[in-house]
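As a plain string of letters, each chain reads:
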Amino acid sequence: MEFFLPNLKTDRLVLRMLSANDTFDMFEYARDYEICKYVTWNAHESVEDSMAYLNLVEERYKNGEYFDWGVTLKETGKLVGTCGFVNTNKTDSRGEIGYVLSRTYWGKGLMTEAVRRVCSHGFEFMELNRIEARVFPENTRSQDVLKKIGFCYEGTLRQQQLIKGKYQDLMMFSMLKNEFR
Ligand SMILES: CC(C)(COP(=O)(O)OP(=O)(O)OC[C@H]1O[C@@H](n2cnc3c(N)ncnc32)[C@H](O)[C@@H]1OP(=O)(O)O)[C@@H](O)C(=O)NCCC(=O)NCCS
């Protein structure tokens, strides 16, 4: 059976599977250096970069077990970001969440809405017990999103990952199934 992600709805958003049709919307935000400062990937230089990434996502969907949603505005259908699990560990019922939102839409609470919905799906339907997020210490906007939802700051993992040529400190946040409201 073909792998698929269910659509997840919130007041203002529909989270749905990504496809190559999202290339132009994705390039519109992924070309922005500001949003790539605190993520592992580099800003897209051309629409071909966005297309190549979306082709990779489609391949990952085909292989199954890839849980990344396109974040679209309910009113217009426009893709404004992504939110989902960058990795999952079945043995430990654990998932790590990652997200990005077009800068045009910051400051409206949209990503808080998306992350909360993805967490709810993770706990309810993916049988996760723990959802974690690793965040750059400078990325206070992302920390605010997690804190608003009720994630707990556990500590800073020192020089935990080599990102863009630097061993990067990352703050570990987590939410457990029995804590999620
Ligand atoms: C992390 C990121 C998604 C946060 O975006 P954001 O717009 O700050 O987050 P939200 O969409 O949840 O919006 C929260 C803001 O909306 C405001 N807001 C307005 N209406 C709101 C509502 N109904 N509900 C909640 N917040 C609301 C909040 O007060 C807050 O504003 P403030 O930062 O001025 O206090 C964004 O900065 C981003 O894409 N960064 C680059 C990628 C990245 O860092 N990803 C995370 C890697 S760990």
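Below: a short report on this structure. (Residues numbered from 1 in each chain as written. Predicted model: local features only at pLDDT ≥ 70, side-chain atom pairs only at ≥ 80, totals over all residues.)

**Quick look at the nonpolar core**
Counting residues in hydrophobic clusters, the biggest one holds 36 residues, and the most contacted among them are V71, C83, Y99, M111, A114, V115 and V118. No other element matches helix 3 (residues 110-125), which puts seven residues into this core. (Core = buried A, V, L, I, M, F, W, Y, C linked by C-beta atoms within 7 Å. Buried ≥ 20, exposed ≤ 12 C-beta atoms within 10 Å, placed from the backbone. Helix = DSSP H or I, 4+ residues; strand = E, 2+ residues; numbered from the N terminus.)

**As for the packing of helix 3 against helix 4 (residues 140-149)**
Where helix 3 meets helix 4, the axes come as close as 10 Å, and the angle between the chain directions of the two elements is 50°. In this view, helix 3 runs oblique relative to helix 4, as classed from their interaxial angle. Crossing handedness for the pair helix 3 and helix 4: right-handed. Within the contact between the two elements, helix 3 uses M111, T112, V115, R116 and C119 and helix 4 uses V145, K148 and I149. Here the contact of helix 3 with helix 4 is built from residues that sort into five nonpolar, one polar and two charged. (Axes fitted to C-alpha atoms, helices over the stretch in contact; angles between N-to-C directions. Parallel < 35°, antiparallel > 145°, perpendicular 65-115°, else oblique. Left-handed = near helix turned anticlockwise from the far one by under 90°. Contact = placed C-beta atoms within 7 Å. Nonpolar A, V, L, I, M, F, W, Y, C, P; charged D, E, K, R; others polar.)

**Some thoughts on the packing of helix 1 (residues 23-30) against helix 2 (residues 47-63)**
The geometry of helix 1 relative to helix 2 is characterised by a closest axis approach of 9 Å and an angle of 115° between their N-to-C directions. Crossing geometry of helix 1 relative to helix 2 is assigned as right-handed. Along its contact with helix 1, which presents T23, F24, M26, F27 and A30, the element helix 2 presents V47, S50, M51 and L54. Its residues assigned to classes, the contact of helix 1 with helix 2 comprises seven nonpolar, two polar and no charged.

**Points about the site of the ligand**
Taken together, 20 residues lie around the ligand, and W106, G109, M111, T112 and R141 are the ones closest in. Elements with a minimum of two residues in the shell around the ligand: strand 5 (94-101), helix 3, strand 6 (130-135) and helix 4. Residue contributions to the shell around the ligand peak at four residues, all from helix 4. Among the residues forming the shell around the ligand, the class breakdown is 12 nonpolar, five polar and three charged. (Near = placed C-beta within 6 Å.)

**Details of the pairing of strand 2 (residues 13-17)**
Sheet analysis places strand 1 (residues 8-9) next to strand 2, joined by two bridges and oriented antiparallel. Counterpart to K9 in the pairing with strand 2 is V14. Connecting strand 1 to the next strand, strand 2, in antiparallel fashion are three residues. Pairing of strand 2 with strand 3 (residues 68-73), which is carried by five bridges, proceeds in the antiparallel orientation. The residue of strand 3 that forms the bridge with R16 is G70. (Pairing = 2+ DSSP bridges.)

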